[in-house]
Amino acid sequence: FVPETTTRIRTVAAWADGAPRENFEYELDGSPCARVIGRELCYFPTGVASAFPRDEALATQGIESYLGMPLYWADRSPAGLLAVLHTRPLERPEQAASLIRIYAARVESELERLRAVAELRRREQQLQSIFSAAPIGVGVV
């Protein structure tokens, strides 16, 4: 989620047409992703753009199929989602759903790792500030 809101999503990684693309933000309301966050796997093997007419990007980009899987933090609060969109109908949706479940578990682990690293860095900086401001020498044995 975009900080301080639960109505906008910011991508952490995006890939399109065989190459990485810049991250972007979008409104959840009116998108198929709104059905995924904090809920369950959602897929539209065909006709996703017509099912969500308020999500103009789907029609503009010619998106036909959608598969989205919610992501959770270790405490089971919503972390975001993993989504696959395609300009063709989704073939073998059951197989695709199985694959996205596997990828989602890996993504959740990586997000948790990144979160832990960021917290560790924050605490290291805090300690560095404390030691730097100490009026006396500090030793660790």
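Residues numbered from 1 in each chain as written. Predicted model: local features only at pLDDT ≥ 70, side-chain atom pairs only at ≥ 80, totals over all residues. Heavy atoms only, no water.

Engineer: Which residues make up the side chain of Thr11, and what values do they have?
Structural biologist: Its place among the elements puts Thr11 in the loop between β1 (8-10) and β2 (14-16). Assessed through its relative accessible area of 14%, Thr11 is described here as buried. In terms of polar contacts, Thr11 uses its side chain to reach the side chain of Asn23, at 2.9 Å. Here the side chain of Thr11 touches Phe24 through a polar contact of 2.9 Å, landing on its backbone nitrogen. Residues in contact with Thr11, not counting those within four places in the same chain, are Asn23 and Phe24. (Helix = DSSP H or I, 4+ residues; strand = E, 2+ residues; numbered from the N terminus. Buried < 20%, exposed > 50% of the residue type's maximum accessible area, 1.4 Å probe, protein only. Polar contact = N/O pair within 3.5 Å; in protein donor to acceptor, adjacent residues only side chain to side chain. Contact = heavy atoms within 4.5 Å.)

Engineer: Residue-level account of the state of the cysteines, with values.
Structural biologist: If you walk through the whole model with that rule in mind, you get 0 disulfides. With no disulfide of its own, Cys33 has Cys42 as its nearest cysteine by sulfur position, at a separation of 8.7 Å. On the accessibility criterion, Cys33 (7% relative accessible area) is buried. (Disulfide = S-S within 2.5 Å.)

Engineer: Explain the confidence of the model for the protein chain residue by residue, including any values.
Structural biologist: Counting all residues, the mean pLDDT for the protein chain is 89, and 97% of those residues have values of 70 or more. For the protein chain, β1 is the element with the lowest average pLDDT, namely 88, and helix α1 (residues 48-51) is the one with the highest, namely 95. (pLDDT = per-residue confidence, 0-100.)

Engineer: Just give me the short version of helix α3 (residues 93-133), but keep the residues and values in it.
Structural biologist: A rise of 1.5 Å per residue sets the reference length of α3, with its 41 residues, at 60 Å; its end C-alpha atoms lie 59 Å apart and thus fit the reference within 8%. When α3 is considered as a whole, its buried residues turn out to be Pro93, Ala96, Ala97, Ile100, Ala104, Glu108 and Leu111. (Expected span 1.5 Å × (residues − 1).)

Engineer: Can you explain the sheet that holds strand β7 (residues 78-86)? Please cite residues and give values.
Structural biologist: In space, the 3 strands of this open sheet follow the order β5-β6-β7, with antiparallel pairing throughout. This sheet does not close on itself; its edge strands, each paired only once, are β5 (42-44) and β7. Adjacent strand axes in the sheet meet at a mean angle of 10° when their direction is disregarded. Pairing geometry for strand β6 (residues 65-72) and β7, over 8 bridges, is antiparallel. Across the sheet, the residue bridging to Met69 is Leu82, located in β7. (Pairing = 2+ DSSP bridges. Axes fitted to C-alpha atoms, helices over the stretch in contact; angles between N-to-C directions.)

Engineer: Run through a nonpolar patch on the surface, naming residues and quoting values.
Structural biologist: Taken together, the side chains of Leu99, Ile102 and Tyr103 define a hydrophobic patch exposed on the protein surface, amounting to about 340 Å² of accessible area. On the secondary structure map, Tyr103 appears in helix α3. (Patch = residues over 30% accessible without salt bridge, like charges linked within 9 Å, V, L, I, M, F, W, Y side chains within 5 Å. Areas by Shrake-Rupley, 256 points an atom, 1.4 Å probe, with all protein chains shown as cover. Salt bridge = Lys/Arg side-chain N within 4 Å of Asp/Glu carboxyl O.)

Engineer: Could you give me a rundown of the nonpolar core, with the residues and numbers involved?
Structural biologist: Formed by 14 residues in total, the largest nonpolar core has its most connected members in Phe44, Val48, Leu58, Tyr66 and Leu81. Secondary-structure elements contributing two or more residues to this core are β5 and α1. One finds Met69, Leu71, Ala96 and Ile100 within the second-largest nonpolar core, a separate group that totals 11 residues. (Core = buried A, V, L, I, M, F, W, Y, C linked by side-chain atoms within 4.5 Å.)

Engineer: Could you give an account of the packing of aromatic side chains, naming the residues involved and the relevant values?
Structural biologist: Under the defined criterion, the tally for this structure stands at 2 aromatic pairs. On the numbers, 5.9 Å between centres and 35° between planes, the contact of Phe24 with Tyr26 is tilted. Phe24 gets classed as partly exposed once you look at its relative accessible area, which sits at 31%. Above the plane of the ring of Tyr72 lies Arg76, whose end atom (NZ or CZ) is 4.1 Å from the centre. (Phe/Tyr/Trp six-rings, centres within 6.5 Å; stacked < 30°, edge-to-face > 60°. Lys NZ or Arg CZ within 6 Å of the ring centre and 35° of its normal.)

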